[in-house]
Amino acid sequence: MDMDVHSNKKNNRNISIDDILPAELVREILMRIPIKNLVRLRCVSKLWNTLISDPNLPKSHFDLSLAPSHRLLVYPDDSTKPTTVDLDALFLDGPSKTSTNVSFPSNKENQSDDEVYIFNSCRGFIALFEDPHYIVIWNPLTRSHRVFSCEGYKNYSPMRKLLKRSAMFGFGYDASEDDYLVLLAWRNTRQMEDCLGLFSLRTNSWTTSKVTLPKDPLRKRIISLSGVFLNGAIHWWIAPRFGTGIDSGGAIILVFDMIERRFWEMPVPKEIMTNYHPPGALVELGGCLAIWFSNFDKKTDIWIMKEYKVQSSWTAYKIPCFFFRPLYLSNDGDIIGFDMLKSCLAKYNVNNGEMLQSCGKFCGLNDFCMYTESLLALPDDFMEDTNQDQSGKCQTGKRFKRAPIWRT
């Protein structure tokens, strides 16, 4: 009898977690684990390492994850380094435990962070512009990145001034081709025509064409430069310039369909044009398109389209804070954003407008961008070597081949 008990104990020691849980169940478990913890679990067993290393897992985890990780990339206008902040944990653990300093990837050996500007994000990647004419697509989690040139803009140096004045930028994902696209639309003032440039990260090349944009946005409108990617399309908020008058047809949301490669316009509620003065701004909140305004009553009004393309689904919310810039709807339904006057992050109850908490202090902001962490790779991409030297800086292994230069 004692021999049998001893034998059973010995056999139990030899049973691994892989013998207890089938691979399909383990995979379902991994889908529910926050991305920041996923890489650490490779050491649990050979099976777990194989499943996590599967090139199909990052896409499945991003599309199906029940625990997405939302971070804010903050670029102060002082001498401090760019920082990423875990918004899901910020108001629980404080900024010191949820913030990480980062360095932007660069096309130049002696590049300064002052020469880099943040545009927007898509599926865990952030689009950056680096002087004088480089666009960088960067995954802060994996540190992989792609650099390509838009040298056709070099005669308008610095490019940032051009973009603010008369061009649109977009970055999005074409699910039909499993491809990421960068979009630039600008007005050719010499030939008096609108032009569209699309860079495919799958083909590593630019294509250019002449287009007709609705409502002549590049000539007559205020442009929200960096479009918002949502539901397979890029969206820009376009409103009349000051002094041109406001009417129900004066402002639109300009949309570029990533699959059909066409522009179309989405009307906005008449109440917006009646009660508010543009410009306003677009943002994605909880997977929905939203417009926010700082109102004349020193409050911020947020309009959320709860059902995409359904005009009757626009719903208004009021936040009792002037110059509150909404960023994110938290897992418990509260809204987190920047209190621009107090230079801090604040959390409000979106239904009754009650301020629940404020946290963090940012002494001036140059740029910032929301993104959802992912292990996704660009086409023919790879992760950089993440070994760190004694200074704490990441040592980059291989470099990407450079994309062809785009000239207008």
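To start, this report covers the structure provided alongside it. (Residues numbered from 1 in each chain as written. Predicted model: local features only at pLDDT ≥ 70, side-chain atom pairs only at ≥ 80, totals over all residues. Heavy atoms only, no water.)

A separate point is the packing of aromatic side chains. According to the stated counting rule, one finds 17 aromatic pairs in the structure shown. Centre to centre, the rings of Phe-125 and Tyr-180 are 5.2 Å apart; their planes meet at 70°, and the pair counts as edge-to-face. Linking Phe-125 in strand 5 (residues 125-130) with Tyr-180 in strand 9 (residues 179-188), this pair joins segments that are 55 residues apart in sequence. An identical accessibility class is assigned to Phe-125 and Tyr-180; each is buried. Joined through ring pairs, the aromatic side chains of Tyr-117, Phe-119, Phe-129 and Phe-169 make up one cluster. Of note, Arg-123 hangs over the ring of Tyr-173, and the distance from its end group to the ring centre comes to 4.0 Å. (Phe/Tyr/Trp six-rings, centres within 6.5 Å; stacked < 30°, edge-to-face > 60°. Helix = DSSP H or I, 4+ residues; strand = E, 2+ residues; numbered from the N terminus. Buried < 20%, exposed > 50% of the residue type's maximum accessible area, 1.4 Å probe, protein only. Lys NZ or Arg CZ within 6 Å of the ring centre and 35° of its normal.)

The biggest cluster of nonpolar side chains holds 39 residues, and the ones touching the most others in it are Ile-137, Phe-169, Phe-171, Tyr-180, Val-182, Trp-236 and Phe-263. With six residues, strand 9 is the single largest residue contributor to this core. The contacts of Phe-171, once residues within four sequence positions are left out, are Asn-120, Ser-121, Cys-122, Phe-125, Ala-127, Ile-137, Tyr-180, Leu-181, Val-182, Phe-229 and Ile-234. (Core = buried A, V, L, I, M, F, W, Y, C linked by side-chain atoms within 4.5 Å. Contact = heavy atoms within 4.5 Å.)

Strands sit in the order 21-22-23-24 across an open sheet of four strands; the sheet is antiparallel. What marks the edges here is a single partner per strand, and that holds for strand 21 (324-329) and strand 24 (355-359). Strand-to-strand twist in this sheet, taken as the mean axis angle between neighbours without regard to direction, amounts to 25°. The sheet contact formed by strand 23 (residues 344-348) and strand 24 spans four bridges and is antiparallel. By the bridge assignment, Tyr-348 is partnered in strand 24 with Met-355. (Pairing = 2+ DSSP bridges. Axes fitted to C-alpha atoms, helices over the stretch in contact; angles between N-to-C directions.)

Taken in spatial order, the four strands make up an open sheet running 17-18-19-20, and their pairing is antiparallel. Only two strands of the sheet have a single neighbouring strand rather than two, namely strand 17 (281-285) and strand 20 (314-319). Ignoring which end each strand starts from, the neighbouring axes of this sheet average 30° apart. Note: strand 19 (residues 300-305) against strand 20, six bridges, orientation antiparallel. In the sheet register, Trp-303 faces strand 20, and the bridge partner there is Ala-316.

Functional significance is not addressed by these values, which are geometric in nature.
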